[in-house]
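Residue strings, one per chain:
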Amino acid sequence: MKSRYKSLFMGLLLLSGCNPLSVENMIDPNNPSEVGFTQNATREQVQFLITGLEEKHRNYVFTATAALGSFGREVWYLNGSDPRFTTDWLGQALAEPNSSFFGFGNTGGTVFFNPYQAVRQGELLIKSVNSAPQVTDVEKSAVAGFARTIQGFQLMLPANLVYENGIRVDIAEPMKPGPFVTYQEAMNHIKGLLDDGYAQLNKASGNFAFKLTSGFNGYNSIDGLKKVNRAIAARNAVYRKDWQGALDAVNASFMNLSGTLNAGPAHPFGSAPDIFNPLYYVPNANVNTMVVVHPKLITDATPGDKRVADKFYQRTSPVVNSTTYAVLEGMYQDKRWATNSASVPFIKNEELILIKAEAHAQLNQNADAVAAINVIRTGAGLAPYAGATDKDALINEILYQRRYSLWAEPWGHRWVDARRYDKLNEIDTSLDKGKVFKQFPHPQAEKGWEEYVK
């Protein structure tokens, strides 16, 4: 079951001669009107919107992995049909990205505009549940808490893409969106969404009253959703450089120093009528299009690191992509997914432990930082950390561990991490002869918004 409400911005204007942003005026059995869901909504309608929000919540997975992973040289997306996935995303063809940048520019793509669809879906869900006479006040609070949690997660995607260029956070009126705000202001707004979601969840208890997908198995109680909320808040706190806040959020999350590192909520995938895992490729498939492991992940790895064997599949022959700039060969492909229906985690225990380590290091709590680092090293089959324990040395070690522990997570961690610590120049481009971009301009559709609404 999927909800298919229209985009906040201009990306879908060509689909209809009428205004696609005024969903309440649409008469379409496949895209029900907003008013039909926000006046005396039924429990079934609320459930429909919750499932639709989960579907929108996962729309970023492939592009965030392939594109943001390319920016940070976690992966190369070698595409035999369209070389721009290589030449543009690796900065071979352009000195700087422009507002029509391939895959992001004209319509914003799944990392800029699609998150706003999820945010709008969350608002519609809150309006709907608040209008539902069959839903108790406690259940309404739980649904609102879930919606705010997803909204907070989603807004960090466009914020990290355009970075210093800023995003809009006031989208209450689709035809009159608010101004662009700075990266820090956006992250503060996201903190507010997450904190509000946590407060709403705190008004409830027991099981979540509606059905969530299998991706939330183990977290589909109110307590579980609160822990997911705090996990996302911990990521947000790191971006805001609120180190004590990061520790507080981690400690209230599902972080477990002795638990399974891969534990956490996920995006489920499956066969029709659902969609397959977009990151899955048949091992050793004879193809010319594939997301491949960047070779430096292999050569920079510590000998004996289990993450290399667990995540990287060595092919018998490489995937080759030749451009006018370089010949790229991918000898390793992603090994993480057993089948094309495997779920993709969107935040996991391993990241939370590394956030804990980073926060401790930044607060000069070095022994605690080393203890958390060693949980990750032990899990990777490595010896305990024996390097220097000053802040800079510990941060370098944490960034190195994040590079392997969070490799090709659908977020672009390596790119964002290098930027957070002013280390973009340390990302090796020698093999592809490209450039590492710092940030992206607003898409052309976004730039033309004011003209459209006049």
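Keep in mind it's a predicted model, so treat the numbers as computed, not measured.

A.B. asks: Which residues make up the packing of helix α7 (residues 183-201) against helix α8 (residues 222-239), and what are the values?
C.D. replies: To characterise two packed helices, one gives the angle between the axes of the helices and the distance between these axes. At their nearest, the axes of α7 and α8 sit 10 Å apart, and the two run at 165° to each other. Here α8 runs roughly antiparallel to α7, going by the angle between their axes. Judged by the twist between their axes, the crossing of α7 over α8 is left-handed. Along its contact with α7, which presents Tyr183, Met187, Ile190, Lys191, Leu194, Asp195, Gly197, Tyr198 and Leu201, the element α8 presents Ile222, Leu225, Lys226, Asn229, Arg230, Ile232, Ala233, Asn236 and Tyr239. When grouped by side-chain class, the residues that make up the contact of α7 with α8 number eleven nonpolar, three polar and four charged.

A.B. asks: Would you mind going over the pattern of salt bridges in detail, with residue names and values included?
C.D. replies: A complete count under the given rule lists 25 salt bridges for this structure. Here Arg148 makes a salt bridge to Asp196, at a shortest N to O gap of 3.1 Å. Placement of Arg148 in helix α6 (residues 137-162) and of Asp196 in helix α7 is noted, with a sequence separation of 48 residues between them.

A.B. asks: Explain the packing of aromatic side chains residue by residue, including any values.
C.D. replies: A complete count under the given rule lists 30 aromatic pairs for this structure. Centroid distance Trp415 to Phe440: 6.0 Å. Interplanar angle 70°. Geometry classified as edge-to-face. Here the residue Trp415 occupies a position in helix α15 (residues 413-420), and Phe440 occupies one in the loop between α15 and α16 (444-447), the gap between them amounting to 25 residues. Given a relative accessible area of 0%, Trp415 falls into the buried group. Judged by its relative accessible area of 2%, Phe440 falls in the buried class. The rings of Phe62, Phe71, Tyr77, Phe85, Trp89, Phe101, Phe102, Phe104, Trp415, Phe437 and Phe440 are connected pair by pair, giving a single aromatic cluster.

A.B. asks: Describe unusual backbone geometry, naming the residues involved and giving the relevant values.
C.D. replies: Looking along the chain, the bond that leaves Ala272 and enters Pro273 is cis, with omega of 10°. Following the sequence through the fold, Pro273 ends up in the loop between β4 (266-267) and β5 (290-293). Located in the positive-phi region is Lys433, a residue other than glycine, with phi close to 60°. Assignment of secondary structure puts Lys433 in the loop between α15 and α16. Since its relative accessible area comes to 55%, Lys433 is described here as exposed.

A.B. asks: So what's going on with helix α13 (residues 366-379)? Residues and values would help.
C.D. replies: A rise of 1.5 Å per residue sets the reference length of α13, with its 14 residues, at 20 Å; its end C-alpha atoms lie 20 Å apart and thus fit the reference within 8%. Within α13, burial applies to Ala369, Val370, Ala372, Ile373, Asn374, Ile376 and Arg377. Two residues or fewer after α13 comes Gly381, characterised by a positive phi angle close to 80°.

A.B. asks: Any chance you could break down the environment of Ile190 for me, citing the residues and the numbers?
C.D. replies: Along the chain, Ile190 turns up in helix α7. Along the backbone, Ile190 and Ala64 are 126 residues apart, and their C-alpha atoms lie at a distance of 19 Å. Once you skip the residues sitting within four places of it in the chain, Ile190 turns out to touch Gly152, Leu155, Met156 and Asn236.

A.B. asks: Tell me about the nonpolar core, residues and numbers included.
C.D. replies: Counting residues in each nonpolar core, the largest one holds 137 residues, and the members touching the most others are Phe71, Trp89 and Phe208. Broken down by element, this core gets its largest block of residues, 13 residues, from α6.

A.B. asks: Give a description of the pairing of strand β6 (residues 312-322) that names residues and reports values.
C.D. replies: Pairing analysis gives seven bridges linking β6 to strand β7 (residues 327-334), with the strands arranged antiparallel. Counterpart to Tyr313 in the pairing with β7 is Gln333.

A.B. asks: Requested: an account of the side chain of Ser70, with residues and values cited.
C.D. replies: Position of Ser70 among the secondary structure elements: in helix α3 (residues 61-71). The class of Ser70 is buried, set by a relative accessible area of 0%. Within polar-contact distance, the side chain of Ser70 engages the backbone oxygen of Ala66 at 2.5 Å. Filtering out sequence-adjacent residues up to four positions away, Ser70 remains in contact with Thr65, Val75, Trp76, Tyr77, Trp89 and Leu90.

A.B. asks: Any details on helix α5 (residues 109-130)? Residues and values, ideally.
C.D. replies: Taking 1.5 Å as the rise per residue, α5 with 22 residues should run 32 Å; its terminal C-alpha atoms sit 31 Å apart, in good agreement. In terms of burial, α5 is largely enclosed, as 18 of its 22 residues are buried.

A.B. asks: I'd like to hear about the side chain of Thr323, residue by residue, with values.
C.D. replies: Looking at the element boundaries, Thr323 is found in the loop between β6 and β7. A polar contact is formed between the side chain of Thr323 and the backbone nitrogen of Tyr325, at a distance of 3.1 Å.

A.B. asks: Could you give an account of the environment of Phe102, naming the residues involved and the relevant values?
C.D. replies: Its place among the elements puts Phe102 in the loop between α4 (84-87) and α5. The class of Phe102 is buried, set by a relative accessible area of 14%. Along the primary structure Phe102 and Pro441 are separated by 339 residues, whereas in three dimensions their C-alpha atoms are 12 Å apart. Look past the residues within four positions of Phe102 in its chain and what remains in contact with it is Asp82, Arg84, Phe85, Asp88 and Trp89.

A.B. asks: Explain the environment of Arg230 residue by residue, including any values.
C.D. replies: Considering the arrangement of structural elements, one finds Arg230 in helix α8. Residues Arg230 and Phe254 lie 24 residues apart in sequence; the distance between their C-alpha atoms is 8.2 Å. The residues contacting Arg230, other than those within four sequence positions of it, are Leu194, Asp195, Tyr198, Ala249, Ala252 and Ser253.

A.B. asks: Outline the confidence of the model for the chain, supporting the account with residue identities and numerical values.
C.D. replies: The predicted model of the chain has a mean per-residue pLDDT of 91, with 91% of residues at 70 or higher. Low pLDDT, under 50, characterises residues 1-30; the stretch is placed with 73 contacts to residues that sit more than four places away or in other chains.

What counts as what
Residues numbered from 1 in each chain as written. Predicted model: local features only at pLDDT ≥ 70, side-chain atom pairs only at ≥ 80, totals over all residues. Heavy atoms only, no water. Axes fitted to C-alpha atoms, helices over the stretch in contact; angles between N-to-C directions. Helix = DSSP H or I, 4+ residues; strand = E, 2+ residues; numbered from the N terminus. Parallel < 35°, antiparallel > 145°, perpendicular 65-115°, else oblique. Left-handed = near helix turned anticlockwise from the far one by under 90°. Contact = heavy atoms within 4.5 Å. Nonpolar A, V, L, I, M, F, W, Y, C, P; charged D, E, K, R; others polar. Salt bridge = Lys/Arg side-chain N within 4 Å of Asp/Glu carboxyl O. Phe/Tyr/Trp six-rings, centres within 6.5 Å; stacked < 30°, edge-to-face > 60°. Buried < 20%, exposed > 50% of the residue type's maximum accessible area, 1.4 Å probe, protein only. Expected span 1.5 Å × (residues − 1). Core = buried A, V, L, I, M, F, W, Y, C linked by side-chain atoms within 4.5 Å. Pairing = 2+ DSSP bridges. Polar contact = N/O pair within 3.5 Å; in protein donor to acceptor, adjacent residues only side chain to side chain. pLDDT = per-residue confidence, 0-100.

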